[in-house]
Amino acid sequence: MCGEIIAFGPFQLRAAERLLEKDGVQIKLGSRALDILMALVDRAPGVVSKKELLARAWPDLIVDEGSLRFHIAALRKVLGERESGFRYVTNVAGRGYCFAAPVFRSHGKPPWAGSLRAERVATLCKHTHNAESLGALVGAVAHDFNNILGAILGYGELAQNAACAGDPMRRYVDNIVIAGGTCQVPR
């Protein structure tokens, strides 16, 4: 990550200088939140565990997850997630956090960049990276959807067991469980 410029949306992250810019204007961001952002962007689109983020932002310190959530909330605020409606940092239930935006890395111009073949390869790499980022986001959404659906189906089955066979409510609960069973997203 050293020496490279990483772009996502209207933002640029200059890793070596530890600077975050939006549309060319430097944004103030605390060092802990910046460390978290750099760890998430460095591993995008993969999931970074809470333990790894805590170790990255607070090396040699024991800090609770509340501090991590606080700094991620500050990071989300700086990135303007509420105004834009886009969520750069997503929580992947039980696993950690994921940077959901497509990330473009600039290492300077490679010596072979002038050739037509190299431009095609570079374009293909960008498309592949975008597809990987989109795949990670879709996977995270499917995981969250299945978690919610699992709760609905679990309570539906409990309601089925509690309802009598002749009870009119039993028919409604049966339909909920049947419909919910067909909605699960394959992983």
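Below: a short report on this structure. Predicted model, so just to flag it, every value in this text is computed and none were measured.

Regular strands place their side chains on alternate faces of the sheet. Only one face of strand 2 (residues 11-14) is buried: it carries F11 and L13, and the other face, with Q12 and R14, is open. As paired elements, strand 1 (residues 5-8) and strand 2 share four bridges and run antiparallel to each other. For I5, the partnering residue across the bridge sits in strand 2 and is R14. Between the end of strand 1 and the start of strand 2, which pair antiparallel, lie two residues, with G9 showing a positive phi angle near 55 degrees. Pairing geometry for strand 2 and strand 3 (residues 19-22), over four bridges, is antiparallel. Residue pairing across strands places R14 opposite L19, the latter belonging to strand 3.

The next thing to look at is the sheet that holds strand 7 (residues 96-99). Strand order in this open sheet of three strands is 5-7-6, and the pairing throughout is antiparallel. Every interior strand has two partners, whereas the edge strands, strand 5 (47-48) and strand 6 (89-92), have only one. Looking at chain direction, strand 5 and strand 7 are connected through two bridges and run antiparallel. Along strand 7, the bridge assignment pairs V48 with Y97. Strands strand 6 and strand 7 of the sheet are contacted by helix 3 (residues 65-79), whose axis makes an angle of about 145 degrees with strand 6.

Reading the values: rules and limits
Residues numbered from 1 in each chain as written. Predicted model: local features only at pLDDT ≥ 70, side-chain atom pairs only at ≥ 80, totals over all residues. Heavy atoms only, no water. Buried < 20%, exposed > 50% of the residue type's maximum accessible area, 1.4 Å probe, protein only. Helix = DSSP H or I, 4+ residues; strand = E, 2+ residues; numbered from the N terminus. Pairing = 2+ DSSP bridges. Contact = heavy atoms within 4.5 Å. Axes fitted to C-alpha atoms, helices over the stretch in contact; angles between N-to-C directions.

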